[in-house]
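Residue-level structure breakdown
Single-letter residue listing:
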Amino acid sequence: MLKESGISFEQYTAKRIFFSQKGLDGDSEAVRFFNLKKTPWPSGFERLFLDAERILSYLKKKGYKLGIIANQLPGAKERLKDFGILEYFETLAISSELGMQKPDERIFLWALEASMCTAHNAVMIGDRIDNDIIPAKRIGMKTIWINRNPNMTKLDFGLLGFADHTVHTLDGLRDLL
């Protein structure tokens, strides 16, 4: 989508975050702003990060109740089962099943209610400032940004202080949790 448009990833991301800070769906608004066509995401492209099962096992053994808040196509539960990680999660807030998607705060509130957890006792771990960190912070959750892109820092887009913590790998969560 961006390659042919002449718009850089940095420009797109900055606009996406700008709209997210206003409580809007950053992706959809940035696509509209730049007059782009959003290509559908085929679930067949989904891959489990190499450190995922290791950190899920670690967190579960530490006594954390784990849940997922995700913008996903139908069949997410089956894909989690196929990846061998469904057993780690007690709550699944899947957009296609609930009819709401991140960054809508209602999906976060639904997940908290379903897990019988208050926002101040919850931690949102996510790789998207716009869809994960900003809405979670708005409702009072603690946040950890997984920044797997060494070229993108919170300072790049004026995001200093948005996430409570930043890690660069899932294993980095061990030092925080």
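Residues numbered from 1 in each chain as written. Predicted model: local features only at pLDDT ≥ 70, side-chain atom pairs only at ≥ 80, totals over all residues. Heavy atoms only, no water.

Taken in spatial order, the 3 strands of this open sheet run β3-β4-β5, and their pairing is parallel. The open sheet has two edge strands, β3 (123–126) and β5 (165–167), and neither has a second partner. Put simply, the sheet's adjacent strands are angled 20° from each other on average, direction ignored. Sheet topology places strand β4 (residues 142–146) next to β5; 3 bridges connect them, and they run parallel. Its bridge partner being in β5, Ile 144 is matched across the sheet by His 165. Against the sheet, helix α7 (residues 129–138) engages β3 and β4, with an angle of about 165° to β4. (Pairing = 2+ DSSP bridges. Helix = DSSP H or I, 4+ residues; strand = E, 2+ residues; numbered from the N terminus. Axes fitted to C-alpha atoms, helices over the stretch in contact; angles between N-to-C directions. Contact = heavy atoms within 4.5 Å.)

The next subject is the pairing of strand β2 (residues 89–94). Bridge count between strand β1 (residues 66–70) and β2: 5 bridges; the pairing is parallel. In the strand pairing of β2, Ala 70 is matched with Ile 94. With helix α4 (residues 76–83) bridging β1 and the parallel β2, this β-α-β connection has right-handed handedness. (Right-handed = clockwise from strand over helix to strand, strands pointing away.)

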